[in-house]
Amino acid sequence: MTSEMIPETGQFVLSNVRLHASLTPGLSAAFDADGFALADITVADGKISSIIANRRPNTPAGALDLGGRIVMPCFVDGHTHIDKGHIWPRKPNPDGTFMGALNATGADRAARWSAEDVARRMDFSLRCAYAHGTRALRTHLDSVAPQEEISWPVFETVREKWRGRIELQAACLLGIEGVRDKKWFESLAKRVAAANGVLGVVTYMLPDLEELLDRVFAQAIKHGLDLDFHADETDDISAISLKKIAEAALWNGFEGNILVGHCCSLARQPDLDVLDTLDKMAKAGLAVVSLPMCNLYLQDRRGDNTTPRWRGVTLLHEMKARGIPVAVASDNTRDPFYAYGDLDMLEVYRMATRILHFDHPVGDWPQAVTSTPARVMRLDGFGTLAAGGGADFVVFRGRNWTELLSRPESDRIVVRDGRAIERQLPDYAELDDLMVR
Ligand SMILES: O=c1cc[nH]c(=O)[nH]1
């Protein structure tokens, strides 16, 4: 089976495909212990016209027999930084630490992030994401003055260019002390609202954290914005800004969506404190995105050649058990916060399975890279496979979890609007002129 075998137009049937229960809400079939069932997908004019259980001993005439290959809906990547992506060759992290990342990125941004530089690196990142099968992506945009005046207009142009291929959202990113400048923060919130964006800040412990959070919530309410936080990206057990966000959401009566990323320190805190925070998060309706690859890279790195002793990720299983929506996402790619990555959500899922134990049982963890981030991003119909929905899916070679998650699946077939797309990844050399030191 190759991409050329997918018809260019009209109606076709993909028979004997393996679908997961958590991603096919309308499918009535005998799912096995791993959550899979064999099915037939009919595609007509770019949409899925039916999905039915495969009960036939023989492939129906004219259908393509996929031999039990796994088919998943296109991915939704809910937390990325495509404004930073691919600066590593000109600005590596000197020691692999969080502070090393912050300082290196700040210096690079001030010196190099022109509109052209940001636009070209964003486009490069999106071509990677698209080729790997991503259909929607939220990026944070460093919005420390004066960068917001450059990156937001670039983002709006890039979003238009990519409409129909990748649905793009952006959230502003700044340390929460930036909110102390009320006038500037209000102007940023207006800019974000005008661009249909999401209001985001990075939270850590400050004496006036509660007051600053109230200002963030006030601006979100005033401008009708959803919220997206980076919280407690540290192993410091005294970092409890996640709990403060939940409390602020409750006392401000916030009704929009709130996504919180990282939340690393929670995994280091005593059980009773954790339970209290989880209760408040569930009550406040927070959703969480964990960034397993970036957390593994940055957390527990002391810069002294010692071996890391924890995985850096937050308590996703405990959150999920409380009904808190949980997702995983790419985060940074080839920048000082993470030296690697290619916006490949299958890689993220594979790494999450290993780091976070998305197995034994697999249950509905596949939703963490598909329908859960879609819900948080208010993207109806994304991240599931259903009759009437778009024919946007990825055909893998793997026929079970161990086959799917053991190889890179570089030859996967990505179908968008019923057609197999060209999956050529951009050449790094394209960015060489931007990487001169
Ligand atoms: O780009 C960023 C900023 C903060 N934290 C991250 O992990 N990445």
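Residues numbered from 1 in each chain as written. Predicted model: local features only at pLDDT ≥ 70, side-chain atom pairs only at ≥ 80, totals over all residues. Heavy atoms only, no water.

Enquirer: Lay out the overall build of the chain in plain terms, naming residues and giving numbers.
Expert: In terms of helices and strands, the chain carries 12 helices and 16 strands. In terms of overall dimensions, the chain is globule-like: its C-alpha atoms have a radius of gyration of 22 Å, near the 22 Å expected for 437 residues. Based on the C-alpha atoms only, the size of the chain along its principal axes is roughly 70 × 50 × 50 Å. Put simply, the chain has 437 residues, and 58% of those count as buried. Sequence-distant contacts, at least 24 apart, represent 78% of the contacts inside the chain between residues at least 6 apart. On the chain, the mean spot of the 50 positive side-chain charges and the mean spot of the 60 negative ones are 1 Å from each other. (Helix = DSSP H or I, 4+ residues; strand = E, 2+ residues; numbered from the N terminus. Rg over C-alpha atoms; globule rule 2.2 N^0.38 Å. Buried < 20%, exposed > 50% of the residue type's maximum accessible area, 1.4 Å probe, protein only. Contact = heavy atoms within 4.5 Å. Lys, Arg positive; Asp, Glu negative; His and termini not counted. Charge placed at Lys NZ, Arg CZ, Asp CG, Glu CD.)

Enquirer: I'd like to hear about the pairing of strand β1 (residues 11-20), residue by residue, with values.
Expert: Among the 10 residues in β1, 9 count as buried, and that is most of the element. Pairing between β1 and strand β2 (residues 36-44): 8 bridges, direction antiparallel. Across the sheet, the residue bridging to Leu14 is Ile41, located in β2. Pairing of β1 with strand β4 (residues 64-65), which is carried by 2 bridges, proceeds in the parallel orientation. (Pairing = 2+ DSSP bridges.)

Enquirer: I'd like a rundown of the sheet that holds strand β15 (residues 413-416), residues and numbers included.
Expert: Read from one edge to the other, the open sheet built from 4 strands follows the order β5-β14-β15-β16, with strand pairing classed as antiparallel. Across the chains shown, the open sheet's two edge strands, defined by having one partner strand only, are β5 (71-73) and β16 (419-420).

Enquirer: An account of the pairing of strand β11 (residues 258-262) is needed here, citing residue identities and associated values.
Expert: When you tally the buried positions in β11, you get 5 out of 5 residues, the bulk of the element. Pairing of strand β10 (residues 227-231) with β11, which is carried by 5 bridges, proceeds in the parallel orientation. Across the sheet, the residue bridging to Ala231 is His262, located in β11. Handedness of the β10-helix α6 (residues 241-251)-β11 crossover: right-handed. Relative to strand β12 (residues 286-290), β11 is paired through 4 bridges, and the arrangement is parallel. Residue Leu259 lies in a different strand from β12, and its bridge partner there is Ala287. For the handedness criterion, the β-α-β arrangement of β11, helix α7 (residues 271-284) and β12 is classed as right-handed. (Right-handed = clockwise from strand over helix to strand, strands pointing away.)

Enquirer: Break down the nonpolar core for me, citing the residues and quoting the values.
Expert: Phe229, Ile258 and Leu286 are the most contacted members of the largest nonpolar core, which totals 104 residues. Broken down by element, this core gets its largest block of residues, 7 residues, from helix α10 (residues 345-356). Mapped onto the domain boundaries, this core takes at least three residues apiece from domain 1 (11-74 + 384-420) and domain 2 (75-377). Those residues in contact with Phe229 that lie beyond four places of it in its chain are Val201, Thr203, Leu213, Val216, Phe217, Ile245, Ile258, Leu259, Val260 and Gly261. Formed by 20 residues, the second largest nonpolar core is a distinct cluster that contains Leu19, Ile41, Ile48 and Ile413. (Core = buried A, V, L, I, M, F, W, Y, C linked by side-chain atoms within 4.5 Å. Domains from an automatic or database assignment.)

Enquirer: So what about unusual backbone geometry? Which residues, and what values?
Expert: The omega torsion of the bond from Ala145 to Pro146 falls at 0°, within 30 degrees of zero and hence cis. For Pro146, the location among the structural elements is in the loop between β7 (134-142) and α3 (147-162). For the bond from His360 to Pro361, the omega torsion is 0°, close enough to zero to count as cis. Residue His86 is not a glycine yet carries a positive backbone phi of 75°. With respect to the element layout, His86 can be found in the loop between β6 (75-80) and α1 (98-112). Given the relative accessible area of 2%, His86 is considered buried. Phi is positive for Asp232, close to 50°, though the residue is something other than glycine. For Asp232, the location among the structural elements is in the loop between β10 and α6.

Enquirer: Would you mind going over the pattern of salt bridges in detail, with residue names and values included?
Expert: Across all of its chains, the model carries 30 salt bridges by this definition. The shortest N-O distance in the salt bridge between Asp123 and Lys161 comes to 3.0 Å. Residue Asp123 is located in helix α2 (residues 115-132), and its partner Lys161 is located in helix α3; the two are separated by 38 residues in the primary sequence. Among the residues examined, Asp123 registers a relative accessible area of 15% and is labelled buried. The network of salt bridges with shared partners includes Glu210, Lys243, Lys244, Glu247, Asp276 and Lys280. (Salt bridge = Lys/Arg side-chain N within 4 Å of Asp/Glu carboxyl O.)

Enquirer: Requested: an account of the domain arrangement of the chain, with residues and values cited.
Expert: A common way to report how large an interface is uses the accessible area buried once the components associate. For the chain, the domain assignment lists domain 1 (11-74 + 384-420) and domain 2 (75-377). If you average the C-alpha positions of domain 1 and of domain 2, the two centres end up 31 Å apart. Taken residue by residue, the interface counts 21 residues in domain 1 and 23 residues in domain 2. When domain 1 packs against domain 2, the two sides together hide about 1700 Å² of surface, and 61% of this comes from carbon and sulfur. Inspection of the domain 1/domain 2 interface yields 2 salt bridges. Arg135 is paired through a salt bridge with Asp392; the nearest N and O atoms lie 3.5 Å apart. Taken together, the links from domain 1 to domain 2 amount to 6 residue pairs in polar contact (both at pLDDT 80 or more). Elements supplying a minimum of two residues to the side of domain 1 that touches domain 2: β5, α12 (401-404) and β15. Of the residues contributing to the side of domain 1 that touches domain 2, the split by class is 11 nonpolar, 4 polar and 6 charged. (Buried area = accessible area lost by both parts, 1.4 Å probe. Polar contact = N/O pair within 3.5 Å; in protein donor to acceptor, adjacent residues only side chain to side chain. Nonpolar A, V, L, I, M, F, W, Y, C, P; charged D, E, K, R; others polar.)

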